[in-house]
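# Examining the three-dimensional arrangement
Chain by chain, the residues run as shown.
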Amino acid sequence: MQAESLKHIAIAGNIGAGKTTLCIKLAEHFGWVCHLESVDKNPYLEDFYHDMKKWAFPLQIFFLHSRFNQIRKIWEGKQTVVQDRTIFEDAYVFAKNLRNSFYMDERDYENYLNVFHSMMPLVKEPDLIIYLRADIPKLVEQIRRRGRPYENNISIQYLENLNQLYEDWVDSYTGELLILNMNSLDYVYRSEDYSYVIQEVERALGVGVRGVGGYEV
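Procedures and definitions
Residues numbered from 1 in each chain as written. Predicted model: local features only at pLDDT ≥ 70, side-chain atom pairs only at ≥ 80, totals over all residues. Heavy atoms only, no water. Helix = DSSP H or I, 4+ residues; strand = E, 2+ residues; numbered from the N terminus. Rg over C-alpha atoms; globule rule 2.2 N^0.38 Å. Contact = heavy atoms within 4.5 Å. Areas by Shrake-Rupley, 256 points an atom, 1.4 Å probe, with all protein chains shown as cover. Lys, Arg positive; Asp, Glu negative; His and termini not counted. Charge placed at Lys NZ, Arg CZ, Asp CG, Glu CD. Buried < 20%, exposed > 50% of the residue type's maximum accessible area, 1.4 Å probe, protein only. Axes fitted to C-alpha atoms, helices over the stretch in contact; angles between N-to-C directions. Parallel < 35°, antiparallel > 145°, perpendicular 65-115°, else oblique. Left-handed = near helix turned anticlockwise from the far one by under 90°. Nonpolar A, V, L, I, M, F, W, Y, C, P; charged D, E, K, R; others polar. Expected span 1.5 Å × (residues − 1). Core = buried A, V, L, I, M, F, W, Y, C linked by side-chain atoms within 4.5 Å. Salt bridge = Lys/Arg side-chain N within 4 Å of Asp/Glu carboxyl O.

### Re the overall build of the protein chain
When helices and strands are tallied, the protein chain shows eight helices and six strands. Reading the helices (α) and strands (β) of the protein chain from amino to carboxyl end gives β-α-β-α-α-β-α-α-β-α-α-β-α-β. Relative to its length of 217 residues, the protein chain is compact, with a C-alpha radius of gyration of 17 Å against a globular reference of 17 Å. Each principal axis of the C-alpha atoms in the protein chain carries an extent, and together these give about 45 × 40 × 35 Å. A fraction of 77% describes how many contacts in the protein chain between residues 6 or more apart in sequence connect residues 24 or more apart. Accessible surface computed for the protein chain: about 10600 Å², of which carbon and sulfur atoms make up 50%. Separation of charge centres in the protein chain, based on 24 positive and 31 negative side chains, amounts to 3 Å.

### Here we look at the side chain of His35
In this structure, His35 sits in strand β2 (residues 33-35). Using a relative accessible area of 18% as the deciding quantity, one classes His35 as buried.

### What about the packing of helix α4 (residues 87-100) against helix α7 (residues 156-172)?
It is at 9 Å that the axes of α4 and α7 come closest, and there the two elements cross at 135°. The angle between α4 and α7 falls in the class oblique. By crossing handedness, the relation of α4 to α7 is classed as right-handed. Contacts between α4 and α7 involve Phe88, Glu89, Tyr92, Val93, Phe94, Lys96, Asn97, Leu98 and Asn100 from the first element and Tyr158, Asn161, Leu162, Leu165, Tyr166 and Trp169 from the second. Class assignment of the residues belonging to the contact of α4 with α7 gives a composition of 10 nonpolar, three polar and two charged.

### Focus on the environment of Leu64
Tracing the backbone through its elements, the reader meets Leu64 in helix α3 (residues 52-76). If we ignore the near neighbours within four places in the chain, the residues touching Leu64 are Ile87, Asp90, Tyr112, Val115, Phe116 and Met119.

### Details of α4
Over its 14 residues, α4 runs 19 Å from end to end, which matches the ideal 20 Å to within 8%, given 1.5 Å per residue. Of the residues making up α4, those classed as buried are Ile87, Phe88, Glu89, Asp90, Ala91, Val93, Phe94, Ala95, Asn97 and Leu98. Looking at the buried residues of α4, the elements they touch are β1 (8-13), α2 (45-50), α3, α5 (106-119), β4 (128-133) and α7. With its phi angle positive at about 65°, Phe102 sits one or two positions after the end of α4.

### Structural notes on the nonpolar core
Of all hydrophobic cores here, the largest spans 68 residues; its most connected members are Ile87 and Ile130. Excluding residues within four positions of it along the chain, Ile87 makes contact with Leu64, Arg67, Phe68, Ile71, Phe116, Met119, Met120 and Val123.

### Points about the packing of helix α6 (residues 136-146) against α7
In a packed pair of helices, the relevant descriptors are the angle between the two axes and the axis-to-axis distance. Between α6 and α7, whose axes approach to 10 Å, the crossing angle comes to 120°. Taken together, the axes of α6 and α7 are oblique relative to one another. The interaxial crossing formed by α6 with α7 has right-handed handedness. Listed contacts from α7 to Ile136, Leu139, Val140 and Ile143 of α6 are Ile156, Leu159, Glu160 and Asn163. Taken together, the residues that form the contact of α6 with α7 break down as six nonpolar, one polar and one charged.

### Some details on the pattern of salt bridges
Per the counting criterion, the structure on display carries eight salt bridges. Residues Glu200 and Arg203 are paired through a salt bridge, measuring 2.9 Å at the closest nitrogen-oxygen approach. Taken together, the residues Glu200 and Arg203, both in helix α8 (residues 191-207) and three residues apart, mark about one turn of the helix. On the basis of relative accessible area, Arg203 is assigned to the partly exposed category, the value being 35%.

Structural data, given as structure tokens:
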């Protein structure tokens, strides 16, 4: 894979896995453009964490629309973009979890999926997805560290359910994939870990051929 042909790198992972930080660091290192998730601009997020059943559907529609617009701009532009979270996670992890947990009823979920599948013919897979795999203690530690008040209501069970759906999605994903084990990595405070991540990203982009299960490190 030639560097000049790269358009879209995406970072996937559960809440607190470290996506935003890595997105910013990779953008700085490689000279890419960083597209962050619309968290602070999402008018439903704080309400959602106080009443998930009431706000689940509008929250997910907002994220889906935002992510689709990001993807459209990425492929219309000329620069390489690294994106915080993918549109696939919205549907196959978060919306599905809300349905499974009875926070989104079946009618709203089917409506959501209809919108999602209508978008899919216009969506290209990223050149590479970097999946940040993290166990619950690691996620809880990093959620606590960043100190967003509205995340105080996130339950352990909610995070566990998301982790399982992430593993199901990753197992079925057929595009270019790099898996990083966040339980043993800290690229914020350990420079050797940061160098290792850069090396693995370069390796994944340089090879351009996905083996069974992706590249797992």
